[in-house]
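# Commentary on secondary and tertiary structure
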Amino acid sequence: MSQDIDVTMSEDRLFPPVQEFVDKAHIKSREEYDAMYKESIEDPEAFWGRIAECFTWTKKWDRVRNWDNAPVAKWFDGAKLNITENSLDRHVAEGRGDKVAIYWEGEPGDSEVITYSDLLERVSKAANTFKKLGVGKGDRVAIYLPMIPELAVTVLACARIGAVHTVIFGGFSAPSLVDRINDCSAKLVVTSDGGYRRGKVLDLKAIVDEALENTPCIEHCLVVKRTNNEITMKDGRDVYWCEQHEGVSSNCPAEEMDSQDPLFILYTSGSTGKPKGIQHSTGGYMVGTATTTKYIFDLKEDDVYWCTADVGWITGHSYFAYGPTLNCATQVMYEGAPNFPDCDRFWDVIEKYKVSIFYTAPTAIRAFMKWGDEFVDKHDISSLRLLGTVGEPINPEAWMWYHKKIGAKKCPIVDTWWQTETGGVMIAPLPGVTATRPGCATMPFFGVDAAIVDEKGNEVPTGKGGLLVVKQPWPSMLTNVYGDTERYKEVYWSRFEEQGYYLAGDGAVKDENGYITILGRIDDVINVSGHRLSTMELESVLVAHGLVAEAAVVGYEHDIKGEGIAAFITASNNVDQSPDNRDLLKKYVAKEIGPFARPDQVHFTDALPKTRSGKIMRRLLKDIAAGKELKQDLTTIEDVAALHKLVEKVQAELS
Ligand code: WT7
């Protein structure tokens, strides 16, 4: 298959940072960026070694970067540390213990202010509690919690004792929990009775109970009381957070970790259907996330920073739990939905805490646009000085709205491209330097040797789309797929094995300024509201249902979500193809994978459009779902009559 990507966009508006911003920025000029970037690529050991000197290590590294055993990199090889000594103890020791770490805002309107001293104490207590429950260095802990302070505390408490955390987003269903818990044989699961979402209580413990019937590795389930809904507790297995914390010491010495020791595993959809446990290690991840946080958000002592991402995704790991705390930032953590009690909740929170840096997803921005300017106008959001986006390409229309309506035309927007695998931001504007362009992620960060290549690995000319690769290792990179190094090598490094390039799986294009625009995934993964879903995973779930013979799932252009999910089904014999059954399949997918995976469209068809070699023509299905005219060559299709029938049917069903 050809990887050529047609580039039809043209966007030439440029927005240089305002002088007031530049004057105070960490990095103020293109010359400064160029010099730092050059050194980071030509002499990464000098560049990162100097930055790493600013952290607390219990033993210094023998080598900054060891790439001898490529593609497994060892950053700060030989060094020893604990990441929480850097994100907590260090600040308290420097006399910053009274600085606010987290302004927590619950959905019902309750709130908490947590200083760095408080956070250290809470993390230490939780760490001792985990130890009491038999968790030690190297053990895996699954975390299934709403966005409450205990989530931040649990993540850091695991890191404190060297346990490997795997956070599972609260929207995942019981079968998804089972897969993830069993894949990494977690010993402990930390959850809550429930969580608030749009005023309703989500019964998290009941979902965990269902999952734990099929997870023999779990010894204990630790339950935080949040919503006080009725739950069942299983004797010997389930224990309450508050009861376990009683009488526990608030002093917990940090476990000394090797720089290469795994810090966490985070599952992401893979194209074979089985979720991949992306593994990150300690030293490199720390240095990488702390550095990107400082420069890309231009973070300063008096900023109030708010990243809206849930800790269940990598953004909540790198740009809530770790990067900002490593920088002793003051942050906002919000529990609930952006439209509860009304569509102005985010602007209300920004006004209440005087948020200066706001980082969210394009899908949220499109929803705000749709809800209307009047919700923004109710609030004074003039504390904002920098905006960010992440998760998917942002369409220029949404970018312009964000720039004008939220940023008052003065806040730089950092459109940050990165992945669960990269651990930290890879391509993004430097806010005091880069003239931004709507929809464009712009420049590679320090140490990111990004290139756009053709199938053979040769760089494509300016203006031509190709495959985005990274030519050298970088500090916050993944170090493995949990328990499956072969898969790690195969998925990320085999395509350009000879050259030793990391394959990002995205298409991209570079312009004459060196600006990189991301064009989207090159494989069959759907990005819905910033969540990456594998079509294979969705299809295998559908096919497991009695009504379904065969399924093809595609993403299609969706105004709000970026991509919607459309499922095309050939039914089992004698199946009633009624709207009721189409609905039933939507609900079934939501139950099996999670509500965010619920298909927007389900269509029955007599046959799926396939090439003679049997490959489903996904591009074609995308266009059908989006209601577009078909421009493809249809001559290779096996059953053209069935296709025409399908097009007619979908048009009728969508209208
Ligand atoms: C994929 C990674 C990075 C945290 C959230 C998603 C897409 C991400 C951008 C952006 C265009 C983007 C890419 C990438 N993506 N950020 N700024 N512009 N596309 O993490 O689930 O690992 O997904 O999200 O396709 O490969 P993820």
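What this report covers is the structure whose coordinates are included nearby. It should be emphasised that the depicted structure is a prediction, and the values quoted were computed from it without experimental measurement. (Residues numbered from 1 in each chain as written. Predicted model: local features only at pLDDT ≥ 70, side-chain atom pairs only at ≥ 80, totals over all residues. Heavy atoms only, no water.)

## Considering the packing of helix H2 (residues 30–42) against helix H3 (residues 44–52)
What counts, and what does not: Working convention: axes come from line fits to C-alpha atoms, limited for helices to the stretch in contact. Angles between N-to-C directions cover 0 to 180 degrees. Numbering of helices and strands runs from the N terminus, with a helix taken as a DSSP run of H or I at least four residues long and a strand as a DSSP run of E at least two residues long. Throughout this description, any angle smaller than 35 degrees is read as roughly parallel, any larger than 145 degrees as roughly antiparallel, any in the 65 to 115 degree range as roughly perpendicular, and the remainder as oblique. Whether two residues are in contact is decided by their heavy atoms: any pair within 4.5 Å suffices. Each residue gets one label: Ala, Val, Leu, Ile, Met, Phe, Trp, Tyr, Cys and Pro are nonpolar, Asp, Glu, Lys and Arg are charged, and the others, such as Gly, are polar.
Viewed as axis vectors pointing N to C, H2 and H3 meet at an angle of 110°, and their least axial separation amounts to 5 Å. Here H2 is positioned roughly perpendicular relative to H3, judged by the angle of their axes. Along the contact surface, H2 presents Met36, Glu39, Ser40, Ile41 and Glu42, while H3 presents Pro44, Ala46, Phe47 and Arg50. Classifying every residue of the contact of H2 with H3 gives five nonpolar, one polar and three charged.

## Remarks on the packing of helix H10 (residues 283–296) against helix H11 (residues 314–326)
The geometry of H10 relative to H11 is characterised by a closest axis approach of 8 Å and an angle of 85° between their N-to-C directions. By the angle between their directions, the pair H10 and H11 is classed as roughly perpendicular. For the pair H10 and H11, the contacting residues are Tyr285, Met286, Thr289, Ala290, Thr292 and Thr293 in the first and His317, Ser318, Tyr319, Tyr322, Gly323, Pro324 and Leu326 in the second. Within the contact of H10 with H11, the residues separate by chemical class into seven nonpolar, six polar and no charged.

## Details of the site of the ligand
Using the following cut-off: Proximity is defined per residue: if any heavy atom of the residue lies within 4 Å of a molecule or strand, that residue is considered near it. Pairs of N or O atoms are called polar contacts if they sit within 3.5 Å, as long as, within protein, a hydrogen donor faces a hydrogen acceptor (for residues adjacent in sequence, only side-chain-to-side-chain pairs). Working definition of accessibility: Shrake-Rupley area with a 1.4 Å probe, residue cover restricted to the visible protein chains.
Near the ligand there are 17 residues, and of these Asp415, Thr416, Thr420, Asp506 and Arg521 occur at the shortest range. Within the contact set of the ligand, a nitrogen atom lies 3.4 Å away from a backbone nitrogen or oxygen of Pro393. Measuring from an oxygen atom of the ligand, one finds a side-chain N or O atom of Asp506 at 2.5 Å. Against a free-state accessible area of 560 Å², the protein chains account for coverage of 95% of the ligand. For the shell around the ligand, the secondary structure elements donating two or more residues are H11, strand E20 (413–416) and strand E25 (516–521). Here the residues of the shell around the ligand are counted per class, giving six nonpolar, six polar and five charged.

## As for unusual backbone geometry
In most cases, non-glycine residues show a negative phi, while peptide bonds are predominantly trans. The step from Ala70 to Pro71 runs through a cis peptide bond, and the omega angle for that step is 5°. With respect to the element layout, Pro71 can be found in the loop between strand E1 (63–66) and strand E2 (74–77). A cis amide bond, omega -5°, links Phe340 with the succeeding residue Pro341. By the element assignment, Pro341 lies in the loop between strand E17 (330–334) and helix H12 (345–353).

## Examining the packing of aromatic side chains
This is how the line gets drawn: Within 6.5 Å between ring centres, the rings of Phe, Tyr and Trp (the latter by its six-membered ring) count as paired, and their orientation is classed by plane angle as stacked under 30 degrees, edge-to-face over 60, tilted in between. The cut-offs for exposure are 20% and 50% of the maximum accessible area for each residue type, with area from a 1.4 Å probe on protein chains only; residues under the lower value are buried, those over the upper are exposed, and the others partly exposed.
Taken as a whole and judged by the stated rule, the model has 43 aromatic pairs. Taking the centre distance of 5.4 Å and the plane angle of 55° together, the rings of Trp306 and Phe358 count as tilted. Of the two residues, Trp306 is situated in strand E16 (residues 304–307) and Phe358 in strand E18 (residues 357–360); the sequence distance between them amounts to 52 residues. Taken individually, Trp306 and Phe358 each receive the classification buried, so the pair is uniform in this respect. Ring centres of Phe368 and Trp371 lie 5.8 Å apart, and the angle between their planes is 65°; this geometry places the pair in the edge-to-face category.

## A closer look at the pattern of salt bridges
To keep it simple, the criterion reads: One side-chain nitrogen of Lys or Arg within 4 Å of one carboxyl oxygen of Asp or Glu is enough to make a salt bridge.
Taken as a whole, this structure holds 36 salt bridges when the rule is applied. Across the pair Asp68 and Arg63 runs a salt bridge whose closest N-O atoms are separated by 2.9 Å. A salt bridge links Glu539 to Arg618; the nearest nitrogen and oxygen atoms lie 3.1 Å apart. Here Glu539 is found in helix H17 (residues 535–543), whereas its partner Arg618 is found in helix H19 (residues 618–625), with 79 residues between them in sequence. This pair shows no difference in class: Glu539 is buried, exactly as Arg618 is. Each of the salt bridges in this network shares a partner with another, and the network as a whole consists of Glu94, Arg96, Lys99 and Glu301.

So far we have only geometry, and geometry alone does not tell us how the molecule works.
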